[in-house]
Amino acid sequence: MKIQQIGPENLERVMLLETALFPTDSWSEKSMGSELAASDGYYIGAFDSELVGYAGLKTIPGSFLSDIQTIGVSVESQGKGIGRALMLDLLARAKALGSEAVMLEVRADNPTAIGLYMSLGFEQIDVRKRYYQPDGVDALIMRLEIKQPIVLGIESTCDETGVGIVRGNRLLANALHSSMDEHSKYGGVVPEVAARAHLEAIQPTLDKALKEAGIDLSEVDAIAVANGPGLAGALMVGIGAAKGLALAHDKPLYAVNHLVGHVGADVLERGSVELPTIALLVSGGHTSLLLVRDLLSDVVLLGETIDDAAGEAFDKTARLLGLPYPGGPEIDMLAKAGDPKAVRFPRGLTLPKDMEKHRYDFSFSGLKTAVARHVEKAEANGEVINKADIAASFREAVVDVLLTKAINACQEFGLMRLLLGGGVVANQRLREVATKRCAEQGIELRIPRFDLCTDNGAMIAALGAQLVMAGKSPSGLGFGAESTLDIRQIQTP
Amino acid sequence: MLLAIDTSAGTSAAVLDGEKLLSYSFFEDPFGHAENIGMAISQVLNEAGVSAAQITSVAIGRGPAPYTGLRVGMAAGLGFATARNIAAFGVITLDALALANPDGKILVTFDAKRKELFARTYLDSVATSDPWVMNPVELENFDDHRRITQSCNAELVGRFAVYAAANGLDLSDVSALYLRSPDVSPSAPKKVSG
């Protein structure tokens, strides 16, 4: 006997069983067909040369609740534990989806089924009188609590010290300490300054997160830490702290990929990450275009920046225009009054010859130089430069190339879904253009709220929780900081 | 029961019960702090036969020492102490070396890279100067001091914490002892066209 997922192609056989099993109140073929095709449903079948049992679960994303929709085993195959096997599969799925409870209804005159559910831990919480018609039989409402793992995540890849706490897919705390102000006088993130700030911030940020979540560390089920990619000295502070925490309470420890964490942040927003998806991560340290088919096992790097990250380009251009660090918000503000078409700045790696080799890669170094040349030339000619126009034109060039390549990827891979992440997502123009272009192309755009887009501990905790919920083994104690960690290394063993 | 951690040179941990050293671990790799810190702590707990819950305080070496590695042990110690809600004590590693070499006037130095030394002077283990970054040409001014050049480890950090507790010394500062500012100066935009 084998259990596997079923769909509309199994409709005929399912209906045969359904009408035989539930002669008076079976589902219509039409409703069964739409259930089998529903995106929030999960239907499985038990096969013993042919389909002998079926069951379905419905989980509305963000509800933290799953419903057992139906379960049936052919009369000849009953009493062999097939019903139990189907239920266990559905419950495992509910757990992996982050549900905190599973509900079901059962006919009060079906002691076998009630016995099965009780043995699985379901408890009766209510009765609906005469629910099953025309028989006039009561429905018992039963409920199973699922304890989702509480995971504490530590983020220290760059200039943000983050400690987040989640329970399953639910956000409990997201404490953050940023050393951005300390970097402003240098015009960019200085690794030693960042690392020093992490050590100073780690204890207060931990305390803050625990207070926010209202829990004690002993209640945490696992610790997760981003071990790369990022600044080595900064990463090491987070790793040291995570190992200390884990050993202090003998908790399993998961070393996770920071970039995949950005993708996973969306589970906290919606209760799940809709997959597969194209993901565009843009920050001061990264500009990466990803194809994500499975958060825990199948993330492909389609392209990334070959020189400066997009956020870095904003910082450097801001400095050129005499604006303070960080440059993104400053340029965004200034650009509001400018004409984005005033100067046609180059779009890196979009010429046909570049597209052959760097289809999904980015380059912002040439753009930054073009802005510098433009400013210098104007100054040499004694012209007054219009900073607002330059800011708007520069921003347009960055946004244009980012979204053109991201949307190309969606179309070429036939995945009409785009997830944005990283600090640059705060950019007003990027959001505007993304919203407009995705709508035009029929692409579903997802942008987690800002504090889940920038570097944060909650996303690391969320990815850790996904690993725990999927039953993955913890990492060993011996992992180190991997400043250039490969995107395919979602968890370091 | 005290857990001591020091990553000023290699990666080391120790468990002390009062003056008695119950266990000690040392990993030499000067670049393997992040990798080894977990094993170092786990080993000493196992060897001493104590659980994390039996540890009542943590002592951490706060340098001066190469900071990238130093911070790993400090972060682990602070994490452990926060997790168990127990006290953390910060030990200046030069002081721990002075305590281990008690007699007379001594000068403790430790490689500060860039042809400089971290240094502090002591008389019978009591500091007679603040720690500073020394140019080796200054060494001749300390001919009357016995010079100590060994590196620190968790046992010495732990012993200093025990000594400090007995002598009422304040070790509540658990920040890294930085004797240099971060290696940067604000940069000006560069010209790109000639």
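Remember, predicted model here, so these are calculated numbers, not experimental data. (Residues numbered from 1 in each chain as written. Chains lettered and ligands numbered in written order. Predicted model: local features only at pLDDT ≥ 70, side-chain atom pairs only at ≥ 80, totals over all residues. Heavy atoms only, no water.)

**Student:** What should I look at first to understand unusual backbone geometry in this one?
**Tutor:** Glycine aside, residues mostly have negative phi angles, and peptide bonds mostly take the trans form. Cis geometry is found at the peptide bond from Q133 of chain A to P134 of chain A, where omega equals 10 degrees. Across the junction of L275 of chain A and P276 of chain A, the peptide omega takes the value -5 degrees, indicating a cis bond.

**Student:** I would appreciate a short explanation of the side chain of S393 of chain A in the present structure.
**Tutor:** All names here are of chain A. Checked against the element boundaries, S393 lands in helix α14 (residues 387–412). Relative accessible area serves as the criterion here: at 1%, S393 is assigned to the buried category. Polar side-chain contacts of S393 include one of 3.5 Å to the backbone oxygen of P340. Discounting residues that sit within four places of it in the chain, S393 has contacts with D339, P340, K341, A342, V343 and F345. (Helix = DSSP H or I, 4+ residues; strand = E, 2+ residues; numbered from the N terminus. Buried < 20%, exposed > 50% of the residue type's maximum accessible area, 1.4 Å probe, protein only. Polar contact = N/O pair within 3.5 Å; in protein donor to acceptor, adjacent residues only side chain to side chain. Contact = heavy atoms within 4.5 Å.)

**Student:** Just checking my understanding: could you explain the confidence of the model for chain B for this structure?
**Tutor:** It should be kept in mind that the predicted coordinates are not to be read in detail where pLDDT is low. For chain B, mean pLDDT is 94; residues scoring 70 or higher make up 94% of the total. Interface predicted TM-score (ipTM) for the complex: 0.95; the corresponding pTM is 0.91. (pLDDT = per-residue confidence, 0-100.)

**Student:** What is the right way to look at the environment of G366 of chain A in this model?
**Tutor:** Tracing the chain through its elements places G366 of chain A in helix α13 (residues 365–380). Residues G366 of chain A and D308 of chain A lie 58 residues apart in sequence; the distance between their C-alpha atoms is 9.5 Å.

**Student:** Would you explain the pairing of strand β6 (residues 105–111) of chain B in this entry?
**Tutor:** Regular strands show a simple pattern: their side chains alternate between the two faces of the sheet. Residues and elements named next belong to chain B. β6 sits mainly inside the fold: five of its seven residues count as buried. Relative to strand β7 (residues 117–123), β6 runs antiparallel, the two being bridged by seven bridges. When the sheet's bridge partners are listed, T109 is paired in β7 with A119. Linking two consecutive strands that pair antiparallel, namely β6 and β7, is a turn of five residues; a positive phi of about 60 degrees is found at K113 within it. For β6 and strand β10 (residues 146–148), the ladder comprises three bridges, and the chain directions are parallel. By the bridge assignment, I106 is partnered in β10 with R146. (Pairing = 2+ DSSP bridges.)

**Student:** Would you explain the sheet that holds strand β3 (residues 50–59) of chain A in this entry?
**Tutor:** Sheets are built from strands that pair by backbone hydrogen bonding, the pairs being arranged parallel or antiparallel. All names here are of chain A. Spatial strand order, β1-β2-β3-β4-β5-β7-β6: seven strands in an open sheet with mixed pairing. Two strands close off the open sheet at either side, each with one partner strand: β1 (2–5) and β6 (123–132). Between one strand and the next, the sheet's axes are offset by a mean angle of 25 degrees, whatever the strand orientation. Bridge analysis of strand β5 (residues 101–107) against strand β7 (residues 137–145) gives seven bridges, and the strand direction is antiparallel. Residue pairing for β7: E105 is matched across the bridge by I141. Against the sheet, helix α4 (residues 111–119) engages β4 (65–73), β5 and β7, with an angle of about 165 degrees to β5. (Axes fitted to C-alpha atoms, helices over the stretch in contact; angles between N-to-C directions.)

**Student:** Where do I start with the interface of chain B and chain A in this structure?
**Tutor:** How big an interface is tends to be stated in terms of accessible area lost as the parts join. Contact with chain B, which involves 36 residues of that partner, is made by 34 residues of chain A. Where chain B abuts chain A, roughly 3,100 Å² becomes buried across the two surfaces, and 66% of that area is made up of carbon and sulfur atoms. Between chain B and chain A we count one salt bridge in total. One salt bridge in this structure joins R71 of chain B and E192 of chain A, with 3.0 Å as the shortest N-O distance. Taken together, chain B and chain A are joined by eight residue pairs in polar contact (both at pLDDT 80 or more). Secondary-structure elements contributing two or more residues to the side of chain B that touches chain A are α1 (33–48) and α2 (67–84) of chain B. Its residues placed into classes, the side of chain B that touches chain A shows 21 nonpolar, nine polar and six charged. (Buried area = accessible area lost by both parts, 1.4 Å probe. Salt bridge = Lys/Arg side-chain N within 4 Å of Asp/Glu carboxyl O. Nonpolar A, V, L, I, M, F, W, Y, C, P; charged D, E, K, R; others polar.)

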